[in-house]
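# Survey of secondary and tertiary structure
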Amino acid sequence: MGDAYKIAILAGDAIGPEIMAQAVRVFDAISRHRDVVFELIEAPFGAHAYFSHGKSFPDETKAICDAADAILKGPVGLSFEDSKKIPVDEQAERGAILPLRARYQTFANFRPIYLSKDMAHFSPLKPEIIEHGIDILLIRELVGGLYFGEKERGVNAEGLRYVHETLAYDESQIRRVLTVAFEQARARGRRLHNIHKSNVLMSSVLWNEVLDEVHADYPDIEVIPMLVDAAATALCLNPSQFDVMVMENMFGDILSDQGGGILGSLGLMPSACVGPDKAYFEPSHGSAPDIAGRNIANPYSMIGSVAMMLEMSFGMKAESTLVWDAMKSVFEDGYTTADLSAKGVDLKTVGTDAFGDLVIASLEAKLAAPTH
Ligand code: IPM
Ligand code: MG
């Protein structure tokens, strides 16, 4: 009897169900070729859950996630206009995503900024800048800082509307994510870019103090400190200087989207959100309501999130690599979807589902090949 894993499937809103439909086919393909069973349990999450259940993260979904070995989440949320139909506290960001992160304390967010040489045409950067492709692992602290700090809004004594948002971290929150980053640096190129703003922010001063303490346990790792604003420039001018980068929550939110920018699309950004007991996996992008229902969204970020789950939650590194290779081979063969543009390159544009067919066919062939 092989392993059996329970996976909560939160398809999400807008393009979410379209790209999720392709991603779950990976589980089916692997279980047909390997001695493993995946039990997939779908649950409502996001704006559609608010309309059907009155909550964007309903209790039944919490129970399903609690009982699952891992969670696969599609993008959630509606257009700016449609969001107004939902009370602010129940909108997908505040009502679903942040509570999901808080519930499982998924403090370490792995956001690979990766483009193989064969996919370099998607990047807006000049070929000479990315001749070796792009291969960065951005690690973002995900459950602290401004996004989770106390907030207050009101009218002050002078009658002016004011707001307070708190950027809070204690040293244990900083230490645990830095430890993950040092471990990743050790497994990769032994270089760690520490992204901070200690010339202005007290939170960065504490962050850097804790970093020095953790660094003592990793003397083999070179630490390169860089101010966050300078890092934004460096990501465009010379991304190949980066290997592993680590930063607090809001810096990571912003710089990881810039990562999508240098790849050519946020649609090329899968991610893993890892907590002490459970991890969930999601594309880093939103639900793209403007292109929903048209069968044009590329499923790469959703399928890549499955690949990350296979390796990180189930230890199936070999199968995870086959999933990445399958996706790469489809791009190498010149296929794309309409949402991914590449100027001046002759590509065969297919639909979301046909792109999924190609990935699954390639994956099946790789799974069926004899292993050595
Ligand atoms: C992301 C998103 C979320 C964030 C939003 C949707 C709450 O932008 O995962 O990067 O800010 O973390
Ligand atoms: Mg973001």
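Residues numbered from 1 in each chain as written. Chains lettered and ligands numbered in written order. Predicted model: local features only at pLDDT ≥ 70, side-chain atom pairs only at ≥ 80, totals over all residues. Heavy atoms only, no water.

Turning our attention to the overall build of the chain. Along the chain, the regular secondary structure elements total 12 helices and 14 strands. Its C-alpha atoms give the chain a radius of gyration of 21 Å, near enough to 21 Å, the size a compact globule of 372 residues would have. In terms of overall dimensions, the chain has a C-alpha envelope of 65 × 50 × 50 Å along the principal axes. By the burial criterion, 51% of the 372 residues in the chain qualify as buried. Contacts in the chain between residues at least 24 apart in sequence constitute 76% of all its contacts with a sequence separation of at least 6. Accessible area for the chain stands at about 16,400 Å²; split by element, carbon and sulfur atoms hold 52% of it. Across the chain, the mean location of the 33 positive side-chain charges is 2 Å away from that of the 52 negative side-chain charges. (Helix = DSSP H or I, 4+ residues; strand = E, 2+ residues; numbered from the N terminus. Rg over C-alpha atoms; globule rule 2.2 N^0.38 Å. Buried < 20%, exposed > 50% of the residue type's maximum accessible area, 1.4 Å probe, protein only. Contact = heavy atoms within 4.5 Å. Areas by Shrake-Rupley, 256 points an atom, 1.4 Å probe, with all protein chains shown as cover. Lys, Arg positive; Asp, Glu negative; His and termini not counted. Charge placed at Lys NZ, Arg CZ, Asp CG, Glu CD.)

In this sheet, strand β7 (residues 161-165) lies alongside strand β6 (residues 151-155) in antiparallel orientation, the contact comprising five bridges. Within the sheet, the bridge partner assigned to E152 lies in β7 and is H164. Hairpin connection of β6 to β7: five residues between the antiparallel strands, including G159 at a positive phi of 80°. (Pairing = 2+ DSSP bridges.)

It is worth spelling out the site of ligand 1 at this point. Taken together, the neighbourhood of ligand 1 is formed by E93, I97, R101, R111, R140, Y147 and D253. At 2.7 Å from an oxygen atom of ligand 1 is found a side-chain nitrogen or oxygen belonging to R140. D253 is positioned with one of its side-chain polar atoms (N or O) 2.9 Å from an oxygen atom of ligand 1. For ligand 1, whose free accessible area comes to 320 Å², the fraction covered by protein is 78%. With three residues, the top contributor of residues to the shell around ligand 1 is helix α5 (residues 92-103). Class assignment of the residues belonging to the shell around ligand 1 gives a composition of two nonpolar, no polar and five charged. (Near = heavy atom within 4 Å. Polar contact = N/O pair within 3.5 Å; in protein donor to acceptor, adjacent residues only side chain to side chain. Nonpolar A, V, L, I, M, F, W, Y, C, P; charged D, E, K, R; others polar.)

For the rest of this paragraph, the subject is the packing of helix α6 (residues 171-187) against helix α7 (residues 202-215). Where α6 meets α7, the closest approach of the two axes is 9 Å, and the angle between their N-to-C directions is 50°. The orientation of α6 with respect to α7, classified from their angle, is oblique. Both α6 and α7 take part in a crossing whose hand is right-handed. Residues E171, I174, R175, V177, L178, T179 and F182 of α6 touch α7, and the partners they reach there are L206, W207, V210, L211, E213, V214 and H215. Tallied by class, the residues present in the contact of α6 with α7 amount to nine nonpolar, two polar and three charged. (Axes fitted to C-alpha atoms, helices over the stretch in contact; angles between N-to-C directions. Parallel < 35°, antiparallel > 145°, perpendicular 65-115°, else oblique. Left-handed = near helix turned anticlockwise from the far one by under 90°.)

Our next topic: the domain arrangement of the chain. Along its sequence, the chain is organised into domain 1 (1-117 + 264-372) and domain 2 (124-263). Using C-alpha coordinates to define each centre, domain 1 is positioned 24 Å away from domain 2. Taken together, the contacts link 23 residues of domain 1 with 28 residues of domain 2. It is F107, R111 and I113 that lose the most area in domain 1 upon contact with domain 2, and together they represent 33% of the buried surface on that side. Remark: the boundary between domain 1 and domain 2 carries zero salt bridges. Inspection of the region where domain 1 meets domain 2 yields 10 residue pairs in polar contact (both at pLDDT 80 or more). (Domains from an automatic or database assignment. Buried area = accessible area lost by both parts, 1.4 Å probe. Salt bridge = Lys/Arg side-chain N within 4 Å of Asp/Glu carboxyl O.)

With that settled, consider the side chain of K73. Note on placement: K73 falls in strand β3 (residues 70-73). Polar side-chain contacts of K73 include one of 2.7 Å to the side chain of E282. When sequence neighbours within four positions are dropped, the list of residues in contact with K73 reads L10, M20, F45, I97, L100, Y280, F281, E282, P283 and M302.

Taken together, the buried positions of α5 are occupied by A92, G95, A96, I97, L100 and R101. Residues of α5 that are buried sit in contact with α2 (47-53), β3, β4 (108-115), β5 (134-141) and β12 (279-283). Where α5 ends, the next residue or the one after it, Q105, has phi of about 45°, a positive value.

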